[in-house]
Amino acid sequence: MSRTRFTGKVAVVTGGASGIGAAVARLFHDEGASVVIGDLDEAGGAAFADSLGNARAAFLKTDVSDYDQVKALVDLAVSKFGRLDILFNNAGVGSFSRIADLPVEDWKRTIAVNLDAVFYGCKAAIPVMRAQGGGAIVSTASASGMAGDFGFGAYNAAKAGVINFTRTAAIDHARHGIRVNAVCPGPVDTPILSGVDAVPGLRPVWEDCVPMGRFAQAEEIAAVVAFLASDEASYLTGVSIPVDGGLTAHTGQPNLHRWMGDEVEG
Ligand SMILES: NC(=O)c1ccc[n+]([C@@H]2O[C@H](COP(=O)([O-])OP(=O)(O)OC[C@H]3O[C@@H](n4cnc5c(N)ncnc54)[C@H](O)[C@@H]3O)[C@@H](O)[C@H]2O)c1
């Protein structure tokens, strides 16, 4: 049975050319929303928006680390579709280096794309939503915002920032009818993790860290984002929901199923 949770709604999705953002944009669109996709990848974003059809989809090349470009993306949603009900702050980049070796420019870029952009999106969208009487904002944080990982210093800091910013934004605008929440994915099979398979043996070790024993598909994250963006989540604000196959439920002690002969079943 097809669902219609977003009929008549207008959504902005950043990082919507690929991975989680594309899965969310497709789901919003399939359930009736008009979607405005912002991404640095001009060819990929335009092709994806075209694949959704021009009537309820638009693309704007956007670098989310630049406030003026994020504001232009929000302005496009309003000028083309007349309103803005949902903002999905999702564009992100990884970075990998021990702290002492991490170039200052990598630190700045990682914080700018993953954290500054979430503030920029909220700053641009909230006045529009407030004037309309409400809206829903969802951001992509990460399981890596809930604890530390080897070599992920800048990314860990940025995503932890998204989680706490989500709380404050929710509190600031609760009385304006605007809900602000986040998702914290564990590993998801998207291009951002394409390097995993270039390192022999890394994937099974990483999968074994996840109690469910596998990476997520982007659609499994999209389902939770859509719930948070929908009226079904009408009393939820300020939360960051792990969508991680149990990764952050785990203390990090040895995964004893290996010694118990208890492998993942079908
Ligand atoms: N894949 C994972 O394992 C995983 C886990 C936790 C969190 N996340 C987060 O999910 C979000 C989406 O990532 P994904 O897994 O779909 O990866 P992805 O690489 O498929 O998608 C990221 C998208 O962001 C875009 N982007 C990068 N920098 C940008 C910028 N400055 N301005 C605009 N767009 C930009 C890219 O062009 C790309 O389309 C990111 O915030 C990422 O940190 C991913």
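Up top is the structure these notes are about.
Keep in mind it's a predicted model, so treat the numbers as computed, not measured.

*Asks:* Just checking my understanding: could you explain the overall build of the chain for this structure?
*Replies:* When helices and strands are counted, the chain shows eight helices and seven strands. Judged by the C-alpha coordinates and their principal axes, the chain covers about 60 × 50 × 40 Å. In the form shown here, the chain has an accessible surface area of approximately 12,800 Å², with 56% of it arising from carbon and sulfur atoms. Taking the average place of the 21 positive charges on the side chains of the chain and the average place of its 29 negative ones, the gap between the two points comes to 8 Å.

*Asks:* Is there a simple way to think about the packing of aromatic side chains in this case?
*Replies:* How two aromatic rings sit relative to each other is set out by the distance from centre to centre and by the angle between their planes. Enumeration according to the criterion identifies eight aromatic pairs in this entry. Ring geometry for Phe6 versus Phe28: centroids 5.0 Å apart, planes at 70°, classification edge-to-face. Separated by 22 residues along the polypeptide, Phe6 in the segment before β1 (10–14) and Phe28 in helix α1 (residues 19–30) bring together distant segments of the chain. As far as the burial class goes, Phe6 and Phe28 line up, both buried. Between Phe119 and Phe165, the ring centres sit 6.4 Å apart and the planes meet at 85°, which makes this aromatic pair edge-to-face. One end of the pair, Phe119, is in helix α4 (residues 104–132); the other, Phe165, is in helix α5 (residues 153–173), and 46 residues separate them in sequence. For Phe119, a relative accessible area of 38% puts it in the partly exposed group.

Rules behind the numbers
Residues numbered from 1 in each chain as written. Predicted model: local features only at pLDDT ≥ 70, side-chain atom pairs only at ≥ 80, totals over all residues. Heavy atoms only, no water. Helix = DSSP H or I, 4+ residues; strand = E, 2+ residues; numbered from the N terminus. Areas by Shrake-Rupley, 256 points an atom, 1.4 Å probe, with all protein chains shown as cover. Lys, Arg positive; Asp, Glu negative; His and termini not counted. Charge placed at Lys NZ, Arg CZ, Asp CG, Glu CD. Phe/Tyr/Trp six-rings, centres within 6.5 Å; stacked < 30°, edge-to-face > 60°. Buried < 20%, exposed > 50% of the residue type's maximum accessible area, 1.4 Å probe, protein only.

No statement about biological role is implied by the geometric values presented.
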